[in-house]
Amino acid sequence: MALDKVWVRTLSDGLLRADQIVGLTAHATPSLPGKSPRWLLDVTVAVPAGSGAGGGGWDIGILHRTLVQTPAEPAGAPEALARILARLDEPGTAGIVTPSAAGPSTIRFTFSSFTDDTDDAHGTEDTGDAEAGDPARQDARAN
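First, a word on what this report is: a plain description of the structure on this page. Computed from a prediction, not measured in an experiment: that's the story for all the values here.

The rules behind the values
Residues numbered from 1 in each chain as written. Predicted model: local features only at pLDDT ≥ 70, side-chain atom pairs only at ≥ 80, totals over all residues. Heavy atoms only, no water. Buried < 20%, exposed > 50% of the residue type's maximum accessible area, 1.4 Å probe, protein only. Helix = DSSP H or I, 4+ residues; strand = E, 2+ residues; numbered from the N terminus. Pairing = 2+ DSSP bridges. Core = buried A, V, L, I, M, F, W, Y, C linked by side-chain atoms within 4.5 Å. Contact = heavy atoms within 4.5 Å. Expected span 1.5 Å × (residues − 1). Arc of directions from axis to C-beta.

1. Concerning the pairing of strand 7 (residues 106-113)
Each regular strand displays side chains that alternate between the two surfaces of the sheet.
Consideration 1: When you tally the buried positions in strand 7, you get eight out of eight residues, the bulk of the element.
Consideration 2: Every second residue of strand 7 is oriented toward a common face, with Thr106, Arg108, Thr110 and Ser112 on one face and Ile107, Phe109, Phe111 and Ser113 on the other, all of them buried.
Consideration 3: Two strands pair when backbone bridges link them, and strand 6 (residues 95-103) and strand 7 are joined in this way by eight bridges, in the antiparallel orientation. When the bridges of strand 7 are listed, proline 99 appears paired with phenylalanine 109.
Consideration 4: Counting the residues that bridge the hairpin from strand 6 to strand 7 gives two residues.

2. Focus on the nonpolar core
Consideration 1: Formed by 22 residues in total, the largest nonpolar core has its most connected members in Leu81, Leu85, Val97 and Phe109.
Consideration 2: Element by element, the count of residues in this core is highest for helix 1 (residues 77-88), at six residues.
Consideration 3: With residues up to four places along the chain from it excluded, the contact list for valine 97 reads Val6, Trp7, Val8, Arg9, Leu81, Leu85, Leu88, Phe109, Thr110 and Phe111.

3. Side note on helix 1
Consideration 1: For helix 1, spanning 12 residues, the distance from its first C-alpha to its last is 17 Å, which sits close to the expected 16 Å at 1.5 Å a residue.
Consideration 2: What helix 1 keeps buried is the set Ala77, Pro78, Ala80, Leu81, Ile84, Leu85 and Leu88. One side of helix 1 holds all its buried residues, which, seen down the axis, span an arc of 165°.

Dropping the structure here:
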């Protein structure tokens, strides 16, 4: 797999190497009194996560990282991210995939290649990668 030099920006945990991702999900948070649920686009990472349990045991589970939150269901977001990662799975590809909310139910994915970087620390963004969510806005970019 060539995704060892492709990184995915998470909401609050920094960058995650794309070849460590084994699952993509979009799900709603529970509704709380006075708070509307939020939709999360999460990735599952290929490493177990553990934490201590009350009885002195160790609880092992899978590790999830949130990429972006939206107020409405981002229909097609996991599939759009899978498509972009599949396109980037080539030797020599290196850079960062950044998901961002582009509307209440739309997630936009941009890829910033390390090879396009100049001496600045920001690089360049290719904004035509993929977009998922609002069915009226899904076009060839998400296919």
